[in-house]
Amino acid sequence: MNEKAMAHSPESKYCFALDKNTVRLRLRISKNDRPEKVDVVYGGKYEFALKQNRLTAVRVCEDALFAYYTATLKLKDRRLVYVFEISDKGKTYYYSEDGLTGKYDFSLSFYNCFQYAYINDCDIHRGADWMKSAVFYQIFVDRFNIGDGKKDKSYINLKWGEKPTPKSFAGGDLKGICDKLDYISSLGANTIYLTPVFTSVSNHKYDIADYFEIDRQFGDKDDLKNLVEGAHKRGMKVVLDAVFNHCSENLKQFRDVLKNGRKSKYYNWFVINGDSPLEYECFASCKYMPKFNTSNREVRGYLISVATYWIKEFDIDGWRLDVSDEVSHGFWRDMRRAVKEIKEDCVLIGENWHDANVYLKGDQFDSIMNYAFTKACLDFYAFGTLSAQGFADRLNGILMRNTDTVNSMMLNLLDSHDTHRFLTQTGGDISKLLSALCVMFFFTGAPCIYYGTENAMEGGYDPDCRRTFDWNEEGRENTVKSLIKKLSELKKSPSFASAEVKIYAQDGQLIIERDNYKLTVGNEGFAID
């Protein structure tokens, strides 16, 4: 046994409570090791020396370097202690806090066993159950549909159907989305994720000047209320975009700082490094988007009031959290507590492009936008840098980054308003898009369709990925739209939504098994059996 490859730690992605009496354990070993048996020897904290229970762990997946064994323990005593017993080539090993040993003295186990000292209810990361069967549809609001024919359209400078520029305004609004709820629902999507809708001078609205008002270009609060109510009547959820890392230079608090400098009561609301002239941190290198100081208690209170206002007053179902990895952990912990007290199943999805396990322990986000999944699909379908085996290894490795609770709520996507369109990346190959959609729906988590994907919309990097929706295609069926509808129905099946996923490669093909279905992906296309 390769001890250097072995890994386990309590109260982590290797040991997590599903409820107050259920704990799931993972043991990582070398992919090259294939022991005959891996048992979890476990018991209550105060009786383990005299009485042990035993459960055999199952080899559930492999990535490029490691294999993972999983066991789910049903407990009577919330005070869990345990070690792993490994049978390999006629020898017995034990894995504990002492590492890998040939013997284990249970009478002294209180020194070196693994322990989950007590499963406290408030420490359990409980998932939003609706996310298990969620199919997201992301909308860049300005480019989807114009519904308000009476509004002031003088700001519109992009003819519908033409390619956008960074400064283009096409006129899409909330009424336009509300008018198309039946269309969105017909695709099988049951959750709408909107890019920001609050007051801003830009077309994308990620530079917000007033967090408590809907941008006039998009409508008003009644329009949002009608959209949420209309979605809920159809059994759909609505997730809004929270931009809490930075704001617009036109935010009144920042304008006060520009006017009064250190004398402003909002001076410490922002990350300011110098006064003559005013030097402040911002999003990327965009000086018109000053960065909030979320270590400041007043800032945290202000932004939490924003998050809770739209839940209490409009009954939204979640927040996507923009640039979430640059915001303080303390703020996210405070916000989570406030949000969950109002609406426990309100989902919090971070925009973290990298491994975000530190944010996903149940005290901050529920999940993230799974750009690691996006990159894996690009490497396999577009860039050709992964074989079927490499693709399987990568997908399994992504799953092993986090707990199963988190994985069930991950937002899996092929593209978004921040990337090239997936179809463009594959050179316009529809067969690759169809295959990738199957992988996304079979993978653990919630699939996210970026508006227009169902019509094979193409586009390069921002702003080209933000083209207007072609409503001439609304009533026309095509292979992409038909497949999305079929996959959506499958995803919303309770047995499929809650089933464990098994991913492996065989004979040069990727295999994903879920429920009683098997997806096979190869050079000749894909098949669902």
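Here is what the cut-offs are and how they apply
Residues numbered from 1 in each chain as written. Predicted model: local features only at pLDDT ≥ 70, side-chain atom pairs only at ≥ 80, totals over all residues. Heavy atoms only, no water. Pairing = 2+ DSSP bridges. Helix = DSSP H or I, 4+ residues; strand = E, 2+ residues; numbered from the N terminus. Axes fitted to C-alpha atoms, helices over the stretch in contact; angles between N-to-C directions. Expected span 1.5 Å × (residues − 1). Buried < 20%, exposed > 50% of the residue type's maximum accessible area, 1.4 Å probe, protein only. Contact = heavy atoms within 4.5 Å. Polar contact = N/O pair within 3.5 Å; in protein donor to acceptor, adjacent residues only side chain to side chain. Nonpolar A, V, L, I, M, F, W, Y, C, P; charged D, E, K, R; others polar. Salt bridge = Lys/Arg side-chain N within 4 Å of Asp/Glu carboxyl O. Disulfide = S-S within 2.5 Å. Parallel < 35°, antiparallel > 145°, perpendicular 65-115°, else oblique. 1 Å grid on protein atoms, 1.4 Å probe; cavity = no way out; pocket = protein on both sides within 12 Å on 5 of 7 lines; lining within 4 Å. Points joined across faces, edges and corners; volume = space filled by probe spheres on them. Core = buried A, V, L, I, M, F, W, Y, C linked by side-chain atoms within 4.5 Å.

Paired through backbone hydrogen bonds, the strands of a sheet run either parallel or antiparallel to each other. The strand order β1-β2-β6-β5 describes an open sheet built from four strands, whose pairing is antiparallel. In this open sheet, the two edge strands, each paired with only one partner strand, are β1 (15-19) and β5 (58-62). Averaged over all pairs of adjacent strands, the angle between strand axes in this sheet comes to 30°, irrespective of strand direction. Across nine bridges, the pairing between strand β2 (residues 22-30) and strand β6 (residues 66-74) is antiparallel. Note on β6: the bridge partner recorded for Leu-25 is Ala-71.

Here we come to helix α7 (residues 329-342). With 14 residues, α7 should cover 20 Å at 1.5 Å per step; its first-to-last C-alpha distance of 20 Å lies within 8% of that length. Within the span of α7, buried status applies to Phe-331, Trp-332, Met-335, Arg-336, Ala-338, Val-339 and Lys-340. Against the buried residues of α7 lie α6 (297-314), β20 (318-321) and β21 (347-350).

Okay, the sheet that holds strand β26 (residues 509-514) next. Spatial ordering of the open sheet is given by β25-β26-β27-β28, a layout of four strands whose pairing is antiparallel. In the strand order of this sheet, the two ends are held by β25 (501-506) and β28 (525-528), each with one partner. Ignoring strand direction, the axes of neighbouring strands in this sheet form an average angle of 15°. As paired elements, strand β27 (residues 517-522) and β28 share four bridges and run antiparallel to each other. Counted as the bridge partner of Gly-522 is Gly-525 from β28. Sitting on the sheet, helix α9 (residues 388-399) touches β25 and β26, and the angle it makes with β25 is about 155°.

With that out of the way, let us pick up the pairing of β26. Inspection of the sheet shows β25 paired to β26 by six bridges, in the antiparallel sense. Residue pairing across strands places Lys-502 opposite Glu-513, the latter belonging to β26. A loop of two residues connects β25 with β26, the two strands running antiparallel in sequence, and Asp-507 in this loop sits at a positive phi of about 55°.

With respect to the secondary-structure elements, Asn-412 resides in strand β23 (residues 411-413). Accessibility expressed as a relative area gives 0% for Asn-412, which makes it buried. Within the structure, the side chain of Asn-412 is placed 2.9 Å from the side chain of Asn-370, a separation counted as a polar contact. The residues contacting Asn-412, other than those within four sequence positions of it, are Asn-370, Phe-373, Met-440, Phe-443, Thr-444, Gly-445, Ala-446, Pro-447 and Cys-448.

Turning our attention to the packing of helix α4 (residues 221-233) against α6. Two elements in contact, α4 and α6, have axes whose closest approach is 10 Å; the angle formed by their N-to-C orientations is 65°. The segment α4 lies against α6, with Lys-221, Leu-224, Lys-225 and Val-228 engaging Tyr-309, Trp-310, Glu-313 and Phe-314. Per-class residue counts for the contact of α4 with α6 are five nonpolar, no polar and three charged.

Let's shift gears to the pattern of salt bridges. With the rule as written, the count across this model stands at 36 salt bridges. A salt bridge links Arg-54 to Asp-39; the nearest nitrogen and oxygen atoms lie 3.2 Å apart. Taken together, the positions of Arg-54 in strand β4 (residues 53-56) and Asp-39 in strand β3 (residues 37-44) put the pair 15 residues apart, joining distant regions of the chain. Judged by relative accessible area, Arg-54 falls into the partly exposed class, the value being 46%. According to the relative accessible area criterion, Asp-39 is buried, its value standing at 3%. One salt bridge in this structure joins Asp-366 and Lys-340, with 2.9 Å as the shortest N-O distance. Note that Asp-366 is positioned in the loop between β21 and β22 (367-370) and Lys-340 in helix α7, a separation of 26 residues in sequence.

Counted according to the given criterion, the structure contains zero disulfides. Not part of a disulfide, Cys-15 finds its nearest cysteine sulfur in Cys-113, a span of 12 Å. Residue classification places Cys-15 among the buried positions, given a relative accessible area of 1%. Left unpaired, Cys-465 is separated from the closest cysteine sulfur, that of Cys-448, by 13 Å.

A separate point is the packing of helix α12 (residues 430-442) against helix α13 (residues 479-491). Taken N-terminus to C-terminus, the directions of α12 and α13 make an angle of 10°; their axes are 10 Å apart at the nearest point. The angle between the axes of α12 and α13 places the two elements in the roughly parallel class. Along the contact surface, α12 presents Ile-430, Leu-433, Leu-434, Leu-437, Cys-438, Phe-441 and Phe-442, while α13 presents Thr-479, Val-480, Leu-483, Ile-484, Leu-487, Ser-488, Leu-490 and Lys-491. Broken down by class, the residue content of the contact of α12 with α13 amounts to 12 nonpolar, two polar and one charged.

What follows concerns empty space enclosed by the protein. Scanning the model with the defined rule gives three cavities of 30 Å³ or more in all. Here the largest cavity is characterised by a volume of approximately 70 Å³. If you trace the largest cavity, you find 13 residues lining it, with Ile-368, Asn-370, Arg-401, Asn-402 and Met-410 closest to the centre. For the lining of the largest cavity, the elements supplying multiple residues, two or more each, are β22 and α8 (371-382). A per-class count over the lining of the largest cavity returns eight nonpolar, three polar and two charged.

The next thing to look at is the nonpolar core. Counting residues in each nonpolar core, the largest one holds 138 residues, and the members touching the most others are Phe-136, Tyr-137, Trp-319 and Met-335. Sequence-distant contacts of Phe-136, that is, excluding residues within four places in its chain, are made with Trp-130, Met-131, Thr-191, Tyr-193, Val-239, Ile-349, Leu-411, Ala-446, Pro-447, Cys-448 and Ile-449.

Another point: α8. Judged by how many residues are buried, α8 sits mostly within the fold: 10 of 12 residues are covered. Listing the buried residues of α8 in full gives Tyr-371, Ala-372, Phe-373, Thr-374, Ala-376, Cys-377, Leu-378, Asp-379, Phe-380 and Tyr-381. Looking at the buried residues of α8, the elements they touch are β22, α9, β23, α11 (422-425), α12 and β27. Gly-384 sits one or two positions beyond α8 and adopts a positive phi of about 70°.

Interpretation in functional terms is not warranted from these geometric data alone.
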